[in-house]
Amino acid sequence: MQHFGVDVSSKWLDIADDSGEVVRIDNTIKAIKKWLCLTKESDAIAMEATSSYHKLLASLAHNKKLDVYVINPRIIHHYAKGVGRRGKSDKVDAIIIHRYLTKERELIHQWQPLSKEQEMIDTLLNRRRQVIKQKQALEMACKDIRHIVTEVIPTIKALEKLADQLETMVVSKIKLQDTLKDKFNLLLTIPGVGPLTSAYMLNLFEKKHMTNINQLTSFIGLDLAYKDSGTKQSRRRLSKKGAPEARRLLFNGARSASMSQLKPLYESYRTRMNHTQSTVAVMRKLLKLILGVWKSQTPFDFKKYNSPLMNNT
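The structure presented is a predicted model; accordingly, all values stated were derived computationally and were not measured.

Enquirer: What should I look at first to understand helix α11 (residues 263-270) in this one?
Expert: Side chains that are three or four residues apart share a direction in an α-helix, a result of its 3.6 residues per turn. When α11 is considered as a whole, its buried residues turn out to be L265, Y266, S268 and Y269. Buried positions in α11, seen along its axis, are confined to an arc of 160° and lie on one side of it.

Enquirer: Help me out: how do you make sense of helix α4 (residues 90-104) in this one?
Expert: Compared with the 21 Å implied by 1.5 Å per residue over 15 residues, the 21 Å span of α4 between its first and last C-alpha is a close match. Lining the buried residues of α4 we find β1 (3-8), β2 (12-16), β3 (22-26), β4 (44-48), β5 (67-71) and α3 (73-82).

Enquirer: Hey, could you run me through the pattern of salt bridges in this one?
Expert: Pairing between side chains of opposite charge can happen when their charged atoms approach one another. Counted according to the given criterion, the structure contains twelve salt bridges. For R24, the salt bridge identified is with D14, shortest N-O distance 3.0 Å. Here D14 lies in strand β2 and R24 lies in strand β3, a separation of ten residues in the sequence. Three or more residues are tied together by salt bridges with common partners; here these are D14, R24 and D90.

Enquirer: Can you walk me through the environment of T271 in this structure?
Expert: Examined against the element boundaries, T271 turns out to sit in the loop between α11 and α12 (275-296). For the pair T271 and L101, spaced 170 residues apart in the sequence, the C-alpha separation amounts to 47 Å.

Enquirer: Which parts of the structure should I look at to understand the nonpolar core?
Expert: Soluble globular proteins tend to bury their nonpolar side chains together. Grouped together as the largest cluster of nonpolar side chains are 50 residues, with contacts concentrated most on I190, M201, L216 and I220. Secondary structure elements with two or more residues in this core: α5 (116-142), α6 (149-175), α7 (178-187), α8 (195-207), α9 (213-220), α10 (244-258), α11 and α12. Tallying contributions element by element places α12 first for this core, with eleven residues. When residues no more than four places from it in sequence are discounted, the contact partners of I220 are M201, L204, G242, A243, A246, R247, L250 and L287. Counting 17 residues, the second largest nonpolar core, distinct from the first, contains V8, I32, I45 and L57.

Enquirer: Would you mind going over the packing of aromatic side chains with me for this structure?
Expert: To describe a pair of aromatic rings, one takes the distance between the centres and the angle between the planes. The tally for this structure, following the rule as stated, stands at three aromatic pairs. Between the aromatic rings of F4 and W35, the centroid separation amounts to 5.0 Å while the plane-to-plane angle is 80°, which identifies the pairing as edge-to-face. Within this pair, whereas F4 is found in strand β1, its partner W35 is found in helix α1 (residues 29-36), the two being separated by 31 residues in sequence. Of the two residues, F4 and W35, neither departs from the other in class, the shared state being buried. Here the guanidinium or amino end of R236 rests over the ring plane of Y226, the centre of that ring lying 4.2 Å away.

How each quantity is defined
Residues numbered from 1 in each chain as written. Predicted model: local features only at pLDDT ≥ 70, side-chain atom pairs only at ≥ 80, totals over all residues. Heavy atoms only, no water. Buried < 20%, exposed > 50% of the residue type's maximum accessible area, 1.4 Å probe, protein only. Helix = DSSP H or I, 4+ residues; strand = E, 2+ residues; numbered from the N terminus. Arc of directions from axis to C-beta. Expected span 1.5 Å × (residues − 1). Contact = heavy atoms within 4.5 Å. Salt bridge = Lys/Arg side-chain N within 4 Å of Asp/Glu carboxyl O. Core = buried A, V, L, I, M, F, W, Y, C linked by side-chain atoms within 4.5 Å. Phe/Tyr/Trp six-rings, centres within 6.5 Å; stacked < 30°, edge-to-face > 60°. Lys NZ or Arg CZ within 6 Å of the ring centre and 35° of its normal.

The analysis is restricted to geometry; functional conclusions fall outside its scope.
Written out as structure tokens, the structure reads:
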């Protein structure tokens with residue numbers, strides 16, 4: 001069995017193998033298929049997630065029955081610093097990815113291709129996130145320039161309309177699929193979970209196999225990061241190493257739930273934490289409810305929801 005680490009770009013692939021050799025091939029169907037003929041089904045291949053440039057290699061390698069791993073570039077970046085990499089090039093990056101695969105393979109989740117429907121939903125969610133990001137950037141850039149506010153407002157409203165259209169398209173895509181439609185409606189029974197949050201979490205669970213709440217919390221970036229040493233205890237902060245869009249949607253959902261059905265829970269947190277910390281605590285609780293409904297495949301029943309914090313208020 002061989003391990004391959006691949007540095008991906010739009011034009012070519014740099015591939016490092018167990019011998020330490022690095023070869024470069026074109027990032028085309030013909031070149032990749034020719035190279036894959038030299039591999040075996042038991043081999044493993046890893047690459048960074050680079051926009052959409054890695055998808056062709058990942059798909060073809062999966063079809064060849066190789067074990068495929070698509071890794072977050074941030075992980076490789078910090079891993080390279082940790083092993084003392086001094087220079088950076090495509091060849092060196094391929095060697096680092098190969099080293100990470102061989103040393104940490106047991107900790108990496110294997111990549112699985114999405115269905116066409118999942119791919120479309122994923123694309124629409126990403127496009128909506130980009131539109132919202134551009135809208136917010138425009139608002140921040142122009143809020144202090146009074147004489148052009150009236151000219152900017154139509155653009156901002158157009159971006160809001162586009163975001164709403166993309167959300168409608170996501171929901172309609174989900175409702176066209178019977179299996180996804182039922183799961184989508186189940187998540188909507190949770191306080192604070194709207195159509196977009198339900199669609200996002202549904203798409204996440206379809207892509208990733210989350211088995212417990214700790215795994216899900218870490219993936220989204222709601223786990224705590226700290227640097228304790230000896231008798232010194234550092235301040236606890238959110239790691240924020242996961243998907244920012246998931247945190248944004250959960251934050252909005254937690255604020256909504258904190259003013260309605262989960263208000264007693266929020267008020268209980270407020271007796272010992274500030275507003276932001278209390279909202280984050282509700283976010284984590286909301287995440288547990290989402291995972292619970294997903295795993296049980298039963299709607300959320302508030303009458304059966306027993307929480308000491310809810311009963312204390």
